[in-house]
Amino acid sequence: AQRVTQPEKLLSVFKGAPVELKCNYSYSGSPELFWYVQYSRQRLQLLLRHISRESIKGFTADLNKGETSFHLKKPFAQEEDSAMYYCALGNAGNMLTFGGGTRLMVKP
Amino acid sequence: GAVVSQHPSWVICKSGTSVKIECRSLDFQATTMFWYRQFPKQSLMLMATSNEGSKATYEQGVEKDKFLINHASLTLSTLTVTSAHPEDSSFYICSSFDGNTEAFFGQGTRLTVV
């Protein structure tokens, strides 16, 4: 069975501080990991995926198969980063399993 | 990017009535549509997966007779909550892929059963 764990429900940081949103997964196959973001009153949208190895809005995430983690990082948080972040694991059938979500609050 | 349009955004209904939620893919063919349910301050839980022209696959614990899913065309999937009860009150979200590995989500439907 696949499972995604985001240990922090809420993460509060000051503007300009580094931020790391943790995500751990369990999956017997070859995982596809994603981070989705939901800004206030907006729909869920893809932030980044591990296969593209890209940086979006200054965020990066590295898949660590040894630690089964896919933590989301940003060196300098901005107020507009305040949102709900979901880590998700995809399988071959495109089914996504979501973590519980972490609310990021960036204070001025 | 691709757009999934979900309607209505919110609905209030009386106990015992049925409510239909529609999800349309506006600029791509949604061969598969995923339906999620989200309780307050909780994550999205997959309810069912529907494929165009075939019966939906329901996750364990989801009543298929309660949550009727129809996927009659490549651009439209519907979820009907039958004989709704207050415990069915929740946020329902649909999602589909545009052929790549990126999922696109509807804006969600907040259902309140009174």
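A quick note: this is a predicted structure, and the numbers were derived from the prediction, not measured.

Engineer: Help me understand the interface of chain A and chain B, please; the structure alone is not making it clear to me.
Structural biologist: In this complex, chain A contributes 17 residues to the contact, which on the side of chain B involves 19 residues. Carbon and sulfur atoms supply 54% of the area buried between chain A and chain B, which totals about 1500 Å² over both sides. Where chain A packs against chain B, one counts zero salt bridges. Between chain A and chain B we count six residue pairs in polar contact (both at pLDDT 80 or more) in total. Those elements giving two or more residues to the side of chain A that touches chain B turn out to be β5 (32-38), β6 (45-49) and β10 (96-98) of chain A.

Engineer: Help me understand the sheet that holds strand β7 (residues 60-61) of chain A in this model?
Structural biologist: Through backbone hydrogen bonds, the strands of a sheet pair up, either in parallel or in antiparallel fashion. Residues and elements named next belong to chain A. If you walk across this open sheet you meet the three strands as β3-β8-β7, and the pairing is antiparallel. Both edges of this open sheet fall to β3 (19-21) and β7, since each of them pairs with a single strand only. Both β7 and strand β8 (residues 72-74) contribute to a ladder of two bridges, which runs antiparallel. Among the inter-strand pairings, Thr60 is bridged to a residue of β8, identified as Lys73.

Engineer: Sorry if this is basic, but what is going on with the side chain of Asp81 of chain A here?
Structural biologist: All names here are of chain A. Inspection of the secondary structure assignment puts Asp81 in the loop between β8 and β9 (83-90). A relative accessible area of 3% means that Asp81 is categorised as buried. Once you skip the residues sitting within four places of it in the chain, Asp81 turns out to touch Phe59, Lys74, Phe76, Leu104 and Val106.

Engineer: Would you take a moment to explain the packing of aromatic side chains for this structure?
Structural biologist: All names here are of chain A. Across all of its chains, the model carries eleven aromatic pairs over all chains by this definition. An angle of 45 degrees between the planes, with centres 5.6 Å apart, marks the rings of Phe59 and Tyr85 as tilted. A residue pair is termed long-range when its members are at least 10 positions apart, and Phe59 in the loop between β6 and β7 and Tyr85 in strand β9 qualify at 26 residues. The pair Phe59 / Tyr85 is uniform in exposure class, with both members buried.

Engineer: Got a minute to help me understand the state of the cysteines in this structure?
Structural biologist: A covalent bond bridging the sulfur atoms of two cysteines is what the word disulfide describes. Counting across every chain of the model gives two disulfides over all chains. Bridging Cys23 of chain A to Cys87 of chain A, the disulfide has an S-S length of 2.0 Å. Here the S-S torsion is close to -65 degrees, and the disulfide linking Cys23 of chain A with Cys87 of chain A is therefore left-handed. Linking Cys23 of chain A in the loop between β3 and β4 (24-26) with Cys87 of chain A in strand β9, this pair joins segments that are 64 residues apart in sequence. The partner cysteine of Cys23 of chain B in its disulfide is Cys94 of chain B, sulfur to sulfur 1.6 Å. The S-S bond linking Cys23 of chain B to Cys94 of chain B shows a torsion near -85 degrees; that makes this disulfide left-handed.

Conventions we followed
Residues numbered from 1 in each chain as written. Chains lettered and ligands numbered in written order. Predicted model: local features only at pLDDT ≥ 70, side-chain atom pairs only at ≥ 80, totals over all residues. Heavy atoms only, no water. Contact = heavy atoms within 4.5 Å. Buried area = accessible area lost by both parts, 1.4 Å probe. Salt bridge = Lys/Arg side-chain N within 4 Å of Asp/Glu carboxyl O. Polar contact = N/O pair within 3.5 Å; in protein donor to acceptor, adjacent residues only side chain to side chain. Helix = DSSP H or I, 4+ residues; strand = E, 2+ residues; numbered from the N terminus. Pairing = 2+ DSSP bridges. Buried < 20%, exposed > 50% of the residue type's maximum accessible area, 1.4 Å probe, protein only. Phe/Tyr/Trp six-rings, centres within 6.5 Å; stacked < 30°, edge-to-face > 60°. Disulfide = S-S within 2.5 Å.

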